[in-house]
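Chains, contacts and geometry: an overview
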Amino acid sequence: MAAVRDALDRIRALDPWLRAMLDVDGERALDAARHRDAVPGTGGALWGLPVVVKGRRGLRSEQTRRLVAAGAVPIGTTSTPLGPGHQTWGHTERGPTRNPWRGDLSPGGSSAGSAAAVAAGIAPLGTGSDGAGSVRIPAAWCGIFGFKPTTAVARRAGHTDPTGLAVPGPLTRDPALLSAWADAVLGPLARSPRCQSITWSPALGFADDLLDPEVVALAHRAVLRLADRAGLGWRTSSTNLRDPQQAWSVCRDREATEAARCAAAATRAHNAAALAALFRGVDVLATPTTPGPPHGHDGPGEHLSVALTWAFNLSGHPAATIPAGFTRAGAPVGLQLVTGHHTDAALLDLLEGCAPAEPAPPPHPDRP
């Protein structure tokens, strides 16, 4: 129960500034924690673990139900965007959710509040969902880990989405908890050989004009460190995907024209073939998680934060983001790692060797 009580204390201390939480039911969380304490030794890594849940509807999700069955204790719901469009910030009645590292910046979205709360140290694990990068982007912008499983694996585990794009995913500072989440939410994963080779593609063949040089440099240094630590061999591979923007949009548009659907199908077929060929020769594809750094609370403008993530929602590949460092202005940057279909276990094994991320410092009076 101590872990849950500490998490509730951190909400009281940090969330007036952070604005990550929507609803907090401390008494219910403490009651659940007391129940966990009454049956010690029953659970694994999630037993009695405080968890924050994306959005009010997230409390009824299959993801949350399975985490609770594994012993986790939801302590509250977290902010998501308000209104239409692809927004990368969290809305609360108290104002927008702040990035815990830079209060004037967005924490990313749509799993905004979960990312901010985890990064600030409120809870060790947050739930999210990823239909275009909505776990990976906020995890990257808050300096933590995020994971999107293989779409087919999520479907087989009972997680469905009408568009075929969105899957549940975790956000955490401790990469070891990603495997615990997968065990609870996805069930047993197919074993696959460990990752032995890696390639780097900052633009994926189409996003050169969107790339921020500082973000690319930080992500590249991070992949060099990862390859050295994990003993990954470098491969030079051509990654020439087509821009997935139109194809992704058609998947969500019931009124798309036949011509648009045909064009989308051609893009998806091209990218599927290109990725299949790539993963026949290499185990891991690395990119920056986003083309640029976090934007302000006024929104992204013309900046397309999903440019490097949503291709893998369309293709269904497992993908993750790991902390890659900070810009000179103090904004977190992420490194995206993608592996072949149904190699989730190998990707999670690779991530487990990464050092846990430090929580963001508490707000200071002169922080925005």
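First things first, this report covers the structure right here in the doc. (Residues numbered from 1 in each chain as written. Predicted model: local features only at pLDDT ≥ 70, side-chain atom pairs only at ≥ 80, totals over all residues. Heavy atoms only, no water.)

**Describing the sheet that holds strand β10 (residues 233-234)**
Taken in spatial order, the eleven strands line up as β1-β3-β2-β6-β8-β7-β12-β13-β11-β9-β10 in an open sheet, and their pairing is mixed. Each edge of the sheet is formed by a strand with only one pairing partner; in this case those strands are β1 (21-24) and β10. Summarising the sheet, strand β9 (residues 197-200) and strand β11 (residues 284-288) pair through three bridges and their orientation is parallel. By the bridge assignment for β11, Thr-199 is matched with Leu-285. Packed onto the sheet, helix α1 (residues 2-18) meets β1, β2 (50-54) and β3 (73-78) and runs at close to 20° relative to β3. Of the strands in this sheet, β1, β2, β3, β6 (125-130) and β8 (167-172) are in contact with helix α4 (residues 112-119), which crosses β2 at around 155°. (Pairing = 2+ DSSP bridges. Helix = DSSP H or I, 4+ residues; strand = E, 2+ residues; numbered from the N terminus. Contact = heavy atoms within 4.5 Å. Axes fitted to C-alpha atoms, helices over the stretch in contact; angles between N-to-C directions.)

**Considering the pattern of salt bridges**
Taken as a whole and judged by the stated rule, the model has eleven salt bridges. Residues Arg-94 and Asp-15 are paired through a salt bridge, measuring 2.9 Å at the closest nitrogen-oxygen approach. Residue Arg-94 is found in the loop between β4 (91-92) and β5 (95-96), and its partner Asp-15 is found in helix α1; the two are separated by 79 residues along the sequence. A residue is classified by how much of its surface remains accessible, and Arg-94, at 41% relative accessible area, is partly exposed. (Salt bridge = Lys/Arg side-chain N within 4 Å of Asp/Glu carboxyl O. Buried < 20%, exposed > 50% of the residue type's maximum accessible area, 1.4 Å probe, protein only.)

**A look at the side chain of Arg-36**
By secondary structure assignment, the location of Arg-36 is in helix α2 (residues 26-38). Buried charge without a partner: Arg-36 forms no salt bridge, and the closest opposite charge is Asp-37, 8.4 Å away. Within the structure, Arg-36 has its side chain in polar contact with the backbone oxygen of Ala-72 (distance 3.2 Å). Those residues in contact with Arg-36 that sit more than four places away from it in its chain are Trp-47, Gly-48, Val-68, Gly-71, Ala-72 and Val-73. (Lys, Arg positive; Asp, Glu negative; His and termini not counted. Polar contact = N/O pair within 3.5 Å; in protein donor to acceptor, adjacent residues only side chain to side chain.)

**Comments concerning unusual backbone geometry**
Working note: non-glycine residues mostly have negative phi, and peptide bonds are mostly trans. Of the consecutive residues Gly-109 and Ser-110, the connecting peptide bond is found in the cis state with omega at 10°. In this fold, Ser-110 is placed in the loop between β5 and α4. Here the phi dihedral of Leu-204 falls at roughly 60°; this positive angle occurs in a residue that is not glycine. Here Leu-204 shows up in the loop between β9 and α8 (213-230). At His-342, a position not held by glycine, the phi torsion is positive, near 65°.

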